[in-house]
Amino acid sequence: MSYKFVLINSESGIPEQNWVLPTPITVGRCPTAEITLDDASISRRHCQFLIDPYGSLIVRDLGSTNGVYVDGRRVEKATLSMGAEVRIGVLTMRVDLTDDEMDGASEQGTGTAYDLVDTEQVKIIQPEQERYEIG
């Protein structure tokens, strides 16, 4: 089993694109990110998906301007359940399990666990003011 990251069209709710990649996965506008999203609401290095020591899939905000939201709640770091919707800037990704082959030839890094000290189920950030990156 692998993780599939599905970009969802915010207007229609229809999947637009998907990736099956080994973790860790960085998402951002930077061309060196494993998933590059060309949208002004996305930071260069917006967030990262990785496996914690317990085998759970984690999303971690990398100090982005517009934040990371899991099922509508802003988080710094959260454990994801399958089917969870992760909003990155104004874009939404869904995380699913799949038997599809991984993109690319290598599965190097699959299952690598990272010690994230104090991983919490969901850490909620109370927004003082929503910020949106322009340009």
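The structure under discussion appears in the preceding block.
Rules behind the numbers
- Think of each chain on its own: its residues are numbered from 1, step by step along the sequence as written.
- Thresholds applied to this predicted model are a pLDDT of at least 70 for local features of residues and 80 or more for the giving and counting of side-chain atom pairs; totals over whole chains, interfaces and linings are not thresholded and use all residues.
- Side-chain measures here rest on the full set of heavy atoms in the structure, leaving out hydrogens and waters.
- Any carboxyl oxygen of Asp or Glu that lies within 4 Å of a side-chain nitrogen of Lys or Arg is treated as forming a salt bridge with it.
- Buried Ala, Val, Leu, Ile, Met, Phe, Trp, Tyr and Cys residues form a nonpolar core when they are joined through side-chain atoms within 4.5 Å.
- Relative accessible area decides the class of each residue, using a 1.4 Å probe on protein chains only: under 20% of the type maximum gives buried, over 50% gives exposed, and in between gives partly exposed.
- Should any heavy atoms of two residues lie within 4.5 Å, those residues are counted as being in contact.
- Here is the rule: rings of Phe, Tyr and Trp (six-membered ring for Trp) pair when centre to centre is within 6.5 Å. Planes less than 30 degrees apart are stacked, more than 60 are edge-to-face, and the remainder are tilted.
- Each helix corresponds to a stretch of at least 4 residues labelled H or I by DSSP, and each strand to a stretch of at least 2 residues labelled E; elements are numbered beginning at the N terminus.
- Two limits define a charge over a ring: the Lys NZ or Arg CZ must be within 6 Å of the ring centre, and within 35 degrees of the ring normal.

**Some thoughts on the pattern of salt bridges**
Here is step 1 of the chain: Across all of its chains, the model carries one salt bridge by this definition.
Here is step 2 of the chain: A salt bridge links Arg 94 to Asp 96; the nearest nitrogen and oxygen atoms lie 3.0 Å apart.

**Points about the nonpolar core**
Here is step 1 of the chain: One finds Phe 5, Ile 35, Phe 49, Val 59, Leu 80 and Val 86 to be the most contacted residues of the largest nonpolar core, which totals 25 residues.
Here is step 2 of the chain: Not counting chain neighbours up to four residues away, the residues in contact with Val 59 comprise Cys 47, Gln 48, Phe 49, Val 68, Val 70, Glu 76, Lys 77, Ala 78, Leu 80 and Val 86.

**So, the packing of aromatic side chains**
Here is step 1 of the chain: Tallied over the entire structure, the rule returns one aromatic pair.
Here is step 2 of the chain: A ring pair is formed by Phe 5 and Phe 49, whose centres lie 4.8 Å apart and whose planes are at 50 degrees; its orientation type is tilted. Separated by 44 residues along the polypeptide, Phe 5 in strand E1 (residues 2-8) and Phe 49 in strand E5 (residues 47-51) bring together distant segments of the chain.
Here is step 3 of the chain: The exposure class of Phe 49 is buried, given its relative accessible area of 0%.
Here is step 4 of the chain: In this structure, Arg 87 packs its charged tip against the face of Tyr 69, placed 4.0 Å from the ring centre.

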